[in-house]
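Each chain, letter by letter, is given below.
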Amino acid sequence: DAMVIQNPRYQVTQFGKPVTLSCSQTLNHNVMYWYQQKSSQAPKLLFHYYDKDFNNEADTPDNFQSRRPNTSFCFLDIRSPGLGDAAMYLCATSRGGGYEQYFGPGTRLTVT
Amino acid sequence: AQRVTQPEKLLSVFKGAPVELKCNYSYSGSPELFWYVQYSRQRLQLLLRHISRESIKGFTADLNKGETSFHLKKPFAQEEDSAMYYCALSFNSGGGADGLTFGKGTHLIIQP
C-alpha cells in the first residue's frame, strides 16, 4: 500500500543533543509537511517542502530545520532539543495546494 | 492569523443518539474546512471536506460563513465512531502548498 512512513516511532534524546526524525513516502507526492503536536494541543505546521522548495512558517524556531534529499524522503533536524520540544511530530504529504494531506503515524519525541 | 476552535475536549453519547461536534473558525480569506479523524492506534486521516459536500460514514458538515462554523453531525452514533476528531482550516502556506490549522480536537466516546 502506498503510504507515509515515519521512523522511529519513539525517539528519546538528551537535552541539547541533536536529533533527526525521518519521513518517507511511496505516494510520489510533491509536498511534504512537518507538524508538531504537543500534549493536548492541536498539530501545528512547522514547515513544508514543495518539491525542493522549502517554506518555513514564521513562528517556527530556528532550532528546527529540515532536509529533503529526494522526492521520497524528508528529515526533521532539531539542533539542540529542549524540554519544551518533547512532542509528537507528524509528517504529511499531498499533491499540492487544495489536495488532501496524508499523514504518517508520527514520531513521539522525549527529551531527558 | 487563522484560528480553529473546538469547544468540547470530550463528548460522550449513547449508541443511536445524535452526535454534533462543534467547530468555529476565524480566517480573513475564503475558508476551506476539513474534518480529520484519528481512531485508536491509527494515523490521522481525512473524514470529509466542505467543498465535496458529501456524507462519509454517515457524517455531514455544513459550512456556515455567517456563524463561522463547520459543525460535524451524525444522526445515529455507532460504537465504531469513537475516535478523536479534529477540525482543520486550510491556509496558503506559500510555495503553492496549503498548510492546515487544526483545532485541539474532540474525543468522541460512544457508549453502548
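For the structure, check the block above.
Remember, it's a predicted structure, so these values are computed and weren't measured experimentally.

1. Points about the side chain of threonine 93 of chain A
Residue and element names in this part refer to chain A.
Stage number 1. Along the chain, the position of threonine 93 falls in strand E9 (residues 87-94).
Stage number 2. Judged by its relative accessible area of 0%, threonine 93 falls in the buried class.
Stage number 3. Separated by 2.8 Å, the side chains of threonine 93 and histidine 29 make a polar contact.
Stage number 4. Setting aside residues no more than four positions away along its own chain, threonine 93 makes contact with Val4, Gln25, Leu27, His29, Val31, Met32, Tyr33, Glu100, Gln101 and Tyr102.

2. Describing the state of the cysteines
Stage number 1. Throughout the structure, instances matching the rule amount to 2 disulfides over all chains.
Stage number 2. One disulfide in the model links cysteine 23 of chain A with cysteine 91 of chain A; its S-S distance is 1.9 Å. For the disulfide bridge between cysteine 23 of chain A and cysteine 91 of chain A, the dihedral angle about the S-S bond is near -75°, and by the sign convention the bridge is left-handed. Residue cysteine 23 of chain A is found in strand E3 (residues 19-25), and its partner cysteine 91 of chain A is found in strand E9; the two are separated by 68 residues along the sequence. Considered together, cysteine 23 of chain A and cysteine 91 of chain A belong to a single accessibility category, that of buried residues.
Stage number 3. One disulfide in the model links cysteine 23 of chain B with cysteine 87 of chain B; its S-S distance is 2.0 Å. Residues cysteine 23 of chain B and cysteine 87 of chain B are joined by a disulfide whose S-S torsion is about -65°; by sign, that bridge is left-handed. Here cysteine 87 of chain B lies in strand E9 (residues 83-92) and cysteine 23 of chain B lies in the loop between strand E3 (19-21) and strand E4 (24-26), a separation of 64 residues in the sequence.
Stage number 4. For cysteine 87 of chain B, a relative accessible area of 0% puts it in the buried group.
Stage number 5. We note that cysteine 74 of chain A lacks a disulfide partner, and the nearest cysteine sulfur, in cysteine 91 of chain A, lies 6.1 Å from it.
Stage number 6. You can call cysteine 74 of chain A buried: its relative accessible area is 0%.

Conventions adopted
Residues numbered from 1 in each chain as written. Chains lettered and ligands numbered in written order. Predicted model: local features only at pLDDT ≥ 70, side-chain atom pairs only at ≥ 80, totals over all residues. Heavy atoms only, no water. Helix = DSSP H or I, 4+ residues; strand = E, 2+ residues; numbered from the N terminus. Buried < 20%, exposed > 50% of the residue type's maximum accessible area, 1.4 Å probe, protein only. Polar contact = N/O pair within 3.5 Å; in protein donor to acceptor, adjacent residues only side chain to side chain. Contact = heavy atoms within 4.5 Å. Disulfide = S-S within 2.5 Å.

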